[in-house]
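An overview of the molecular structure
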Amino acid sequence: MATVDEHHLTSPFPELQGHGLLLRPWDADSEADVGVWLRGLTDPEFMRWNTPIRSVMDLGSARESLRAKESGMADGSSASYCITEAATGTPLGHIGVNSIHLVLSHARIGYWVLPEARGRGVATRALALAAHWALTDLGLNRVELDHAVGHEASCRIAERCGFRYEGTLRGAMFEAGRRDAFRDMHLHGRLAGDPEPEGL
């Protein structure tokens, strides 16, 4: 399912392909990638449910943010991918396997989809692809996914991809647009030994 991209030898992680998608590394030197990253992180629906630790509000901060993602790819601490249509290469969103801890054998996963790509199962397909890779080829035992309480679409995507609801984390993430107030999160988890989700 996963194929190694020989053009990104600085990263220990491969490109991933399946379910009609290609997950490829972001390129901070690409004006197109920086523009897509900025659009995604300033989209009102993204900002409703997420408050990044560092604001991304212009091309300069978007490029800096992408460079941090590239650094994580290079040192093996995170695998950040641009979700694209396999057939056309059109960017659709982002998915990241983050906080990779090989000794404890776990990681956290997060994603977003551009407005024009919503309603097509992009997040579900990307999550299924990335989670399968993390729990097989990468060799992790556990992958976690969390989202703001009330984000029902993300909850459905998680459960569709085999991430069981495990509980509520109180005051575990920023309120929308704030860094001085907190809200609850739902925690989902999937183990390597869990059954593969059906119908994907």
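Residues numbered from 1 in each chain as written. Predicted model: local features only at pLDDT ≥ 70, side-chain atom pairs only at ≥ 80, totals over all residues. Heavy atoms only, no water.

So, helix 4 (residues 122-135)
With 14 residues, helix 4 should reach 20 Å at 1.5 Å per residue; the first-to-last C-alpha distance of 20 Å fits that figure. Along helix 4, 12 of the 14 residues are buried, which leaves the element largely enclosed by surrounding structure. Of all the residues in helix 4, the buried ones are V122, A123, T124, A126, L127, A128, L129, A130, A131, W133, A134 and L135. (Helix = DSSP H or I, 4+ residues; strand = E, 2+ residues; numbered from the N terminus. Expected span 1.5 Å × (residues − 1). Buried < 20%, exposed > 50% of the residue type's maximum accessible area, 1.4 Å probe, protein only.)

What about the packing of aromatic side chains?
Aromatic ring pairs are defined here through the distance separating the ring centres and the angle between the ring planes. On inspection of all chains with the given rule, the structure shows seven aromatic pairs. Centroid distance F13 to W133: 5.5 Å. Interplanar angle 90°. Geometry classified as edge-to-face. Placement of F13 in the loop between strand 1 (2-3) and strand 2 (15-18) and of W133 in helix 4 is noted, with a sequence separation of 120 residues between them. Assessed through its relative accessible area of 9%, F13 is described here as buried. (Phe/Tyr/Trp six-rings, centres within 6.5 Å; stacked < 30°, edge-to-face > 60°.)

Some thoughts on the environment of T136
When you line up the elements, T136 lands in the loop between helix 4 and strand 7 (142-148). Taking the C-alpha atoms as reference points, T136 and A192, 56 residues apart in sequence, are found 7.2 Å from one another. A polar contact is formed between the side chain of T136 and the backbone oxygen of H132, at a distance of 2.5 Å. (Polar contact = N/O pair within 3.5 Å; in protein donor to acceptor, adjacent residues only side chain to side chain.)

Topic: the environment of L22
Position of L22 relative to the elements: it lies in strand 3 (residues 21-25). Owing to a relative accessible area of 18%, L22 belongs among the buried residues under this scheme. Sequence separation of L22 and N50 is 28 residues, and the distance between their C-alpha atoms is 25 Å. L22 has contacts with E15, L16, Q17, C82, I83, T84, E85 and A86, leaving out every residue within four places of it along the chain. (Contact = heavy atoms within 4.5 Å.)

What about the pattern of salt bridges?
By the definition in use, this model includes 15 salt bridges. The residue D29 makes a salt bridge to R67 at a minimum N-O spacing of 2.8 Å. Note that D29 is positioned in the loop between strand 3 and helix 1 (31-42) and R67 in helix 3 (residues 59-75), a separation of 38 residues in sequence. For D29, a relative accessible area of 56% corresponds to the exposed category. For the salt bridge of E144 with R142, the shortest nitrogen-to-oxygen distance reads 2.9 Å. In this structure, E144 and R142 share a single accessibility class: buried. A single salt-bridge network, built from bridges that share partners, covers R108, R142, E144, D146 and E166. (Salt bridge = Lys/Arg side-chain N within 4 Å of Asp/Glu carboxyl O.)

Considerations on the packing of helix 4 against helix 5 (residues 152-160)
Two elements in contact, helix 4 and helix 5, have axes separated by 9 Å at closest approach and are oriented at 40°. Comparing their axes, helix 5 and helix 4 come out oblique. The handedness of the crossing between helix 4 and helix 5 is right-handed. Residue-level inspection shows A123, T124 and L127 of helix 4 in contact with helix 5, the latter providing I157, A158 and R160. (Axes fitted to C-alpha atoms, helices over the stretch in contact; angles between N-to-C directions. Parallel < 35°, antiparallel > 145°, perpendicular 65-115°, else oblique. Left-handed = near helix turned anticlockwise from the far one by under 90°.)

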